[in-house]
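Fold and contact review
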Amino acid sequence: MKWIIVPLIIAVLIGSSVVSWAAELSEITEECLDCHRTVTPGIVAGWEKSRHANIISAEALKKPTLERRISAKAVPEQLANVAVGCAECHTLNVERHSDRFEHNGYDVQIVVSPEDCATCHPTERKQFTKNIMSHAYGNLYNNPVYRDLANSINGIQTVTNSKITLQTPKIEDELDSCLSCHGSVVKAVKVETRNTSMGKMKFPVLEGWPNQGVGRINPDGSKGACSACHTRHQFAIEMARKPSTCAQCHKGPDVPAYQVYQVSKHGNIYNSLSGDWDFSAVPWKIGEDFTAPTCAACHISLTVDNEGEVVAERTHRMNDRLPWRIFGLIYAHSHPKSPDTTIIRNSNGLPLPTSLDGVEATAFLIDAKERDKRRENMQKNCFSCHDSSWVHGHWKRFENTILSTNAMTLASTKIMQQAWQKGVATGLADKESIFNEGIEKEWMKQWLFYGNSTRFASAMMGADYGVFANGRWKMAMNVQQLMDYLEFKLASKDILMKNEQKKENESNKK
Amino acid sequence: MKWIIVPLIIAVLIGSSVVSWAAELSEITEECLDCHRTVTPGIVAGWEKSRHANIISAEALKKPTLERRISAKAVPEQLANVAVGCAECHTLNVERHSDRFEHNGYDVQIVVSPEDCATCHPTERKQFTKNIMSHAYGNLYNNPVYRDLANSINGIQTVTNSKITLQTPKIEDELDSCLSCHGSVVKAVKVETRNTSMGKMKFPVLEGWPNQGVGRINPDGSKGACSACHTRHQFAIEMARKPSTCAQCHKGPDVPAYQVYQVSKHGNIYNSLSGDWDFSAVPWKIGEDFTAPTCAACHISLTVDNEGEVVAERTHRMNDRLPWRIFGLIYAHSHPKSPDTTIIRNSNGLPLPTSLDGVEATAFLIDAKERDKRRENMQKNCFSCHDSSWVHGHWKRFENTILSTNAMTLASTKIMQQAWQKGVATGLADKESIFNEGIEKEWMKQWLFYGNSTRFASAMMGADYGVFANGRWKMAMNVQQLMDYLEFKLASKDILMKNEQKKENESNKK
Amino acid sequence: MKWIIVPLIIAVLIGSSVVSWAAELSEITEECLDCHRTVTPGIVAGWEKSRHANIISAEALKKPTLERRISAKAVPEQLANVAVGCAECHTLNVERHSDRFEHNGYDVQIVVSPEDCATCHPTERKQFTKNIMSHAYGNLYNNPVYRDLANSINGIQTVTNSKITLQTPKIEDELDSCLSCHGSVVKAVKVETRNTSMGKMKFPVLEGWPNQGVGRINPDGSKGACSACHTRHQFAIEMARKPSTCAQCHKGPDVPAYQVYQVSKHGNIYNSLSGDWDFSAVPWKIGEDFTAPTCAACHISLTVDNEGEVVAERTHRMNDRLPWRIFGLIYAHSHPKSPDTTIIRNSNGLPLPTSLDGVEATAFLIDAKERDKRRENMQKNCFSCHDSSWVHGHWKRFENTILSTNAMTLASTKIMQQAWQKGVATGLADKESIFNEGIEKEWMKQWLFYGNSTRFASAMMGADYGVFANGRWKMAMNVQQLMDYLEFKLASKDILMKNEQKKENESNKK
């Protein structure tokens, strides 16, 4: 630790924009702060530590291109020479917002949407619109297959004798479940008067609130929530670059990126040595600012080499660097062309990127050429530390694992198909859900958890997670135990039938 | 990081009590240290970094009320003007301690109990006595239902043919299991002579030792262990305020608070930005000292706003801020009135807060008015960063999730009740354990892990843990697969019976 | 945090070798850096922060014995007076390396092996050779029982009707699975020409690469990879001492050391207070440099007390301090004598340290006297903070848990043996794998995950992991549910047989 003090002291003596800049606040923001410093001290203090509070846009615009954190060519006049305070965001495009309300003489909106952030950050906004994440709400809830899957999880089940009845989920349960990450529909539904420390005041009541899901449908109709990763009200780039931010939605067995990172060499370096890295530098200099990538470094950030030359361009369309989609569906497959995946149709006419046997719906997915391009985009970062022998060796192994995990999923699916055919589970042929029975849940684990996890572990070299924790061991077991599950279902059906036949015979005799 | 150096350097120049105070040590403590600096260098060094070693009680008593870390109005004369060293705690109330022994001319006790700590910290001690945690030992081991559950886990099972026999657990296994967190009974059972680097010496041998469980029964008869959270011998408030402390007992699937925190927005802010927070300030100023709550901030700490006004009073009775008890029992329910839960009787006369169908034993649980009060206690912290739309929206969702998870537990319980009725498992009607068969273990998962986890994920907004990791997905699956489990048990019983009938028939024929 | 600044500033003023030393580079290394600063900026920057880059061996050799980080008595002349740069390692013993190639006029090797590191670190190398970890590849792949286990996990399964066929694993899948931690065989198989930013160049293509497994078979024939823990190219001792390094291979349920540490008191202290510890000091002073042990402190590091007296000698044969082997095999057992465990034969002639009933293959395992010695080695560290009452109480509990978990494994094994005998699974008597059926996988969990985990939780006092997360609860459940599994298999076999008999009878009638 000792050797980090010298440059720090020098930095302090020289001063830095964050420390020394005393950005002027707009009059309205001053007025907001008069009350909110006391009413909501936590978020005001967070904001005070932010770059938004300590720099004005006019200065931010003067920075050299690579150092700019603002992608607009110009900003509205009233914003240019004041800090980005309460009013600058919460009164910005208020006329578009159904959640606007009159508050102490001003029209204020509760929710700040990507459309609002786009005033200063239009490039990021535009990229994010093409990011599949911005469609996370619709891709789940407007896809009948996936809506059915969600219902099978969120609906309350009731039991009468040996019959289970699945109810339609309550919206409250959905908001507390899938929609927490996928995003909710946020709408003002009424106005109510509340007693506050400042007396009686009127506030809109929002439906679907609180929510910070990445595909949120905002009161201005826009899709997404920048605050999903750029947490209010500090909006620290440091935070967006740290893996714990991604962990909020990417730790569970369905998308275990964080779990895998933790046991990867990259994660190990991060966890052991990142205390003296610079997480705020723009652009982000490989080696000097950090010696191992975080999630953001590989997937999003603008990185440069030791001479300041661009290694990877910043992108908020994360799949720019991803040839394959390795989670969330029955088989890993080439990335969809459109961020709106509800338009996809497989060979059976279902809105899925592959058939149940794993054949890709190629018309809707990127081709080999585009995959090559995206693989190269990602590899640019790899090559900053690894030679081609390493990089190609790794990718060959990863792409083999995609094939192997798909093959293991096919094995389980073939068993499941027998269960449907032999009548011990009801499926598509019966016009029934393929997700709401015990044996179906067992089958789903193979692709929803184990196949995915094995692929993540491969992609990010965190084998500890991909063998026993949630990977190959479980894939192997799934095939074998699913076959036993089928056998037991067939046996108990057989007995049930015989007993009923016997009863029938006996009642016929009488 | 740069901007944190300036205030730090200023702080150093001004000096701080911890740095500059050279607290005098008592003669006895000096004597202890003469040997123990070398014999147990680790704990001596820890203590040397502590506030105990660097301040005297007389000075601590002079601080303004909100800044005081000591709740006694006065301390015994011999403690007032020396640092709180070895002797001050380990010879304090030695006459009350069955673990006392003569050591180099002094009467010394091995274990320091909450009763000892209460000399300077009586308010915390009093609150903790009413905290359900201080009864953790008895609430588990003096409740026959819960004792049976513990036995079903800790007892060794032996197998002879198709018969499993469960033995009564060995105390060593219990100490290594439940009692590690719940606390053990610590008693001096004999004295033995040991060879030490200082020659032969006599020491008491303690039963139930080592243990730092929160409900420990100490050699002076008191309940609890302050060191469960305020770890010896640094006793840093910083540590008690950090989530890894709570994780020691609250990470497993039975009480996954830490797991949920890690994927919550609060946890994300803590993990990304807490490097420059002040975890030692008393009182704890929201915004200035920290910008997102840790476990302690919501559940225990004295927090103040930016003007130093109290937001939440410190409490060591954690359920002061908790209307609902969401884990550890079959259904979530209103908090018990008494910390001693062995006195509760449900409608079936069992010492459980609800019936097997989920009906509350209302006479023993807090009512709606008290729940409202506790909810408001908790919400005071919420409002420091969130508006009422957010806070009420969140609580509405959480309290709906309590209902939904209880409904899902009821569904599984109805299946289990069929298993008992149809004779494929033995239960209360058979005067048998409801925890020691395969299908019973499967049922238990629904409430011991999945229901709880879903509620924790809701309470702390960590949905990633509450959907696929250990929540709603598993609750949904549990109902379906438990029904299949029942079906398989019925089928195999049917075959067994037929085969036995057949054998009987055949032997009758002969 | 305030009080850490003063010593830091003093340290800075005094200067430190890492800061002030301007080690001269060899000419060849300068040449390497000319290109690689730009070609692979990440690893060059990492190396620049390393001790290797900032000190020369001749100076390192002058340090007092306990402070030395280099165990050679002398180093080759050409290395003595330059920093340890690219060329010093990558051209060192090139004639022994099958991965050598001509690169810009120099013979360069890609992989640096323990044999290369031994030039300066021979003692560590020698110890590691006797460490069971250095044999991790062969112990898995040259043991037919364990090879079969690995195959049952890594082989792709295909399903035709109700028949599952297990294929021999592809090497790519093995590299991405077990071999990732156990180590691969790395060999140069051909040379290829690649387009680089410097024009066309020839490079060897390595098989089994990338790999950093602890038992890697290197291109020079040596075993092991120092970089498994001492990560390239910073080689920070700080990193090797931090638990996240061990987590790479010791987090999964098969060896959950990291998981247990996280919920132990030691882990809690580390996670809360290690911000101001000194992870780079050699020797490592207990109390002053750290107040709670990390993995390295207990298992590897050279630790001293406050007077600089040695508490524990450094060892890279980790089992020097371990009497018992508590994971990876069916029963916990005394440590093997030889690091090559393929030579072991149990009473059935299998290469396993115990019989299926748990009886030790004593001829191949250490005896009670050696166990006592190793227990004492470990306890030396314990005694630095704990008295003998604590230490012996803990060990008594741990060694009881070894017995209890072995007993619970025996219970499950007895059920499994019935399954083999009654013909619902095929085993050794059928000359078949004992790992590739559903019920066998269920049995394996008992010892591969639950028994191990319970023992780790006991050994490191992390009971939260050892009860519900992955310990005693699951052991108890395994016995009960495995018995049900057997019952269901027997029942469905019965039905299958009857149905086939019926069919036969019917076809006989016709």
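Residue positions are given per chain, counted from 1 along the sequence in the order it is written. Labels follow written order: the first chain is A, the first ligand is 1, and so on. In keeping with the predicted nature of the model, local features appear solely for residues at pLDDT of at least 70, side-chain atom pairs appear and are counted solely at 80 or more, and the whole-chain, interface and lining totals rest on all residues. To get the side-chain values, all heavy atoms of the structure are used, and hydrogens and water are removed first.

**Digging into the overall build of chain A**
Per the secondary structure count, chain A includes 23 helices and 11 strands. Its C-alpha atoms give chain A principal-axis dimensions of about 95 × 65 × 45 Å. Residue exposure (1.4 Å probe, protein chains only): buried if accessible area is under 20% of the type maximum, exposed if over 50%, otherwise partly exposed. A burial count over chain A gives 59% of its 510 residues as buried. Note on definitions: a residue-residue contact is assigned when non-hydrogen atoms from the two residues lie within 4.5 Å. Considering only contacts within chain A whose residues lie at least 6 apart along the sequence, 58% involve residues at least 24 apart. Calculation of accessible area relied on Shrake-Rupley with a 1.4 Å probe; when residues are assessed, cover is drawn exclusively from the protein chains displayed. Summed over all atoms, the accessible surface of chain A reaches about 20800 Å², with 55% contributed by carbon and sulfur. Side-chain charges of chain A comprise 59 positive and 57 negative groups, with the mean position of each set lying 5 Å from the other. A run of DSSP states H or I qualifies as a helix once it reaches four residues; a run of E qualifies as a strand once it reaches two. Both are numbered from the N-terminal end. Charge convention: Lys and Arg are scored as positive, Asp and Glu as negative, and His as well as the terminal groups of each chain are ignored. Where a charge sits is defined by one atom per residue type, namely NZ (Lys), CZ (Arg), CG (Asp) or CD (Glu).

**What to know about the interface of chain B and chain A**
On the side of chain A, 79 residues touch chain B, which itself brings 66 residues to the contact. Buried area: the sum, over both parts, of the accessible surface (1.4 Å probe) that disappears when the two are put together. Summing both partners gives a buried area of about 6400 Å² for chain B against chain A, and 59% of it is carried by carbon and sulfur. We define a salt bridge as a contact between a side-chain nitrogen of Lys or Arg and a carboxyl oxygen of Asp or Glu at a distance within 4 Å. The tally of links between chain B and chain A comes to five salt bridges. As a salt-bridge pair, A:D176 and B:R472 come within 3.0 Å of each other at their nearest N and O atoms. Any pair of N or O atoms that falls within 3.5 Å is considered a polar contact. Within protein, one atom must be able to donate a hydrogen and the other to accept it, and sequence-neighbouring residues count only if both atoms are side-chain atoms. On the surface where chain B and chain A come into contact, there are 34 residue pairs in polar contact (both at pLDDT 80 or more). Examining the composition of the side of chain B that touches chain A, we find that 16 residues originate from one element, helix α20 (residues 388-421) of chain B, more than from any other.

**Examining the interface of chain A and chain C**
Opposite the 66 residues of chain A that make contact, chain C presents 79 residues. With both chains or domains summed, chain A and chain C bury close to 6400 Å², and 60% of this area falls on carbon and sulfur atoms. Run the count over chain A and chain C and you get five salt bridges. One can count 33 residue pairs in polar contact (both at pLDDT 80 or more) joining chain A with chain C. Sorting the residues of the side of chain A that touches chain C by element identifies α1 (5-14), α16 (257-262), α17 (265-273), α20 (388-421), α22 (463-469) and α23 (472-509) of chain A as the ones contributing at least two each. Think of it as three bins: nonpolar holds Ala, Val, Leu, Ile, Met, Phe, Trp, Tyr, Cys and Pro, charged holds Asp, Glu, Lys and Arg, and polar takes everything else, Gly as well. Tallied by class, residues from the side of chain A that touches chain C come to 28 nonpolar, 22 polar and 16 charged.

**Concerning the pairing of strand β1 (residues 100-103) of chain C**
The side chains of a regular strand alternate between the sheet's two faces. Residue and element names in this part refer to chain C. Alternating positions in β1 separate cleanly, F101 and H103 being buried on one face and R100 and E102 remaining unburied on the opposite face. In the sheet, β1 pairs with strand β2 (residues 106-109) via four bridges, with the strands oriented antiparallel. Along β2, the bridge assignment pairs E102 with D107. Pairing between strands is defined by DSSP: at least two bridges between them are needed. What sits between β1 and β2 in their antiparallel hairpin is a turn of two residues, with N104 showing a positive phi close to 55 degrees.

**Here we look at the side chain of B:Q234**
Considering the arrangement of structural elements, one finds B:Q234 in the loop between β6 (199-207) and α14 (237-240). If sequence neighbours within four positions are ignored, B:Q234 has contacts with B:G46, B:K49, B:S50, C:L273 and C:T291.

**Here's the deal with the packing of aromatic side chains**
Pairs were defined over the aromatic rings of Phe, Tyr and Trp, the Trp ring being its six-membered one, requiring ring centres within 6.5 Å. Orientation was assigned from the angle between planes: stacked under 30 degrees, edge-to-face over 60, tilted for the rest. The full count for this structure, using the stated rule, is 57 aromatic pairs over all chains. Seen in terms of ring centroids, A:W390 and C:W209 are 5.3 Å apart; in terms of plane orientation they differ by 90 degrees. Their pairing is edge-to-face. Pair noted here: A:W390 is in helix α20 and C:W209 is in the loop between β6 (199-207) and α15 (237-240), and the two residues belong to different chains. In this structure, A:W390 and C:W209 share a single accessibility class: buried. Through pairs of rings, three or more aromatic residues link up here, namely A:Y261, A:Y270, A:W277, A:F279, A:W284 and A:F290.

**Comments concerning the relation of the copies chain B and chain A**
Two chain copies here: they are related by a rotation about an axis and a translation along the same axis. Least-squares superposition of the copies uses the C-alpha atoms of those residues scoring a pLDDT of at least 70 in each of them. Of the transformation superimposing chain B on chain A, the axial component is 0.0 Å and the angular component is 120 degrees, with the fit at an RMSD of 0.0 Å. Taken together, these values place the two copies in the relation of a three-fold axis. If distances are taken from each C-alpha of chain B to the rotation axis, the shortest is found for B:F488, at 3.9 Å. Mapped onto chain A, only 3% of the interface residues of chain B again fall at the interface, so the copies present different surfaces.

**Digging into the pattern of salt bridges**
Where side chains of opposite charge bring their charged atoms close, a pairing between them can arise. Within the structure shown, the criterion is met by 60 salt bridges over all chains. The salt bridge partner of B:E442 is B:K445, with a shortest N-O separation of 3.1 Å. A residue pair is termed a helical-turn pair when its members lie 3 or 4 positions apart in one helix, as B:E442 and B:K445 do in helix α21 (residues 438-459) at three residues. Grouping residues by exposure puts B:E442 and B:K445 together as buried. Several salt bridges share partner residues, and in doing so they unite A:K170, A:D173, A:D176 and B:R472 into one network.

**Regarding the environment of B:S433**
Residues and elements named next belong to chain B. With respect to the helices and strands, the residue S433 is situated in the loop between α20 and α21. Not counting chain neighbours up to four residues away, the residues in contact with S433 comprise D148, T426, G427 and E440. Among the polar contacts listed, one links the side chain of S433 to the side chain of D148, at a separation of 2.7 Å. Polar side-chain contacts of S433 include one of 3.0 Å to the backbone nitrogen of F435.

**Concerning the confidence of the model for chain A**
All names here are of chain A. pLDDT is defined as a per-residue confidence score from the predictor, taking values between 0 and 100. Residues at a pLDDT of 70 or more form 95% of chain A, whose mean pLDDT is 94. Overall, residues 6-21 carries pLDDT values under 50, and its contacts beyond four positions in sequence, including any with other chains, amount to 19 contacts. Across the assembled chains, the prediction reports ipTM 0.94 with pTM 0.95.

**A closer look at the sheet that holds strand β8 (residues 303-304) of chain B**
All names here are of chain B. Strand order in the open sheet formed by three strands is β7-β8-β9, with mixed pairing between adjacent strands. Only two strands of the sheet have a single partner each, and these edge strands are β7 (284-285) and β9 (310-312). Strand direction decides the pairing type here: β7 and β8, joined by two bridges, are parallel. Residue pairing in the sheet places W284 in a bridge with T303 of β8.

**Notes on the state of the cysteines**
In this description, the term disulfide denotes a pair of cysteine sulfurs within 2.5 Å. Counting across every chain of the model gives three disulfides over all chains. One disulfide bridge connects A:C181 with A:C249, the sulfur atoms lying 2.4 Å from each other. Between A:C181 and A:C249 the sulfur-sulfur dihedral comes to about -95 degrees; the bridge is accordingly left-handed. Of this pair, A:C181 sits in helix α13 (residues 178-182) while A:C249 sits in the loop between α15 (243-247) and α16, placing them 68 residues apart in sequence. Residue classification places A:C181 among the buried positions, given a relative accessible area of 18%. For the unlinked cysteine A:C120, the closest cysteine sulfur is that of A:C89, found at 7.7 Å. With no disulfide of its own, C:C86 lies 4.4 Å from the sulfur of C:C32, the closest cysteine sulfur. Taking the relative accessible area as the measure of exposure, C:C86 reaches 21% and is therefore partly exposed.

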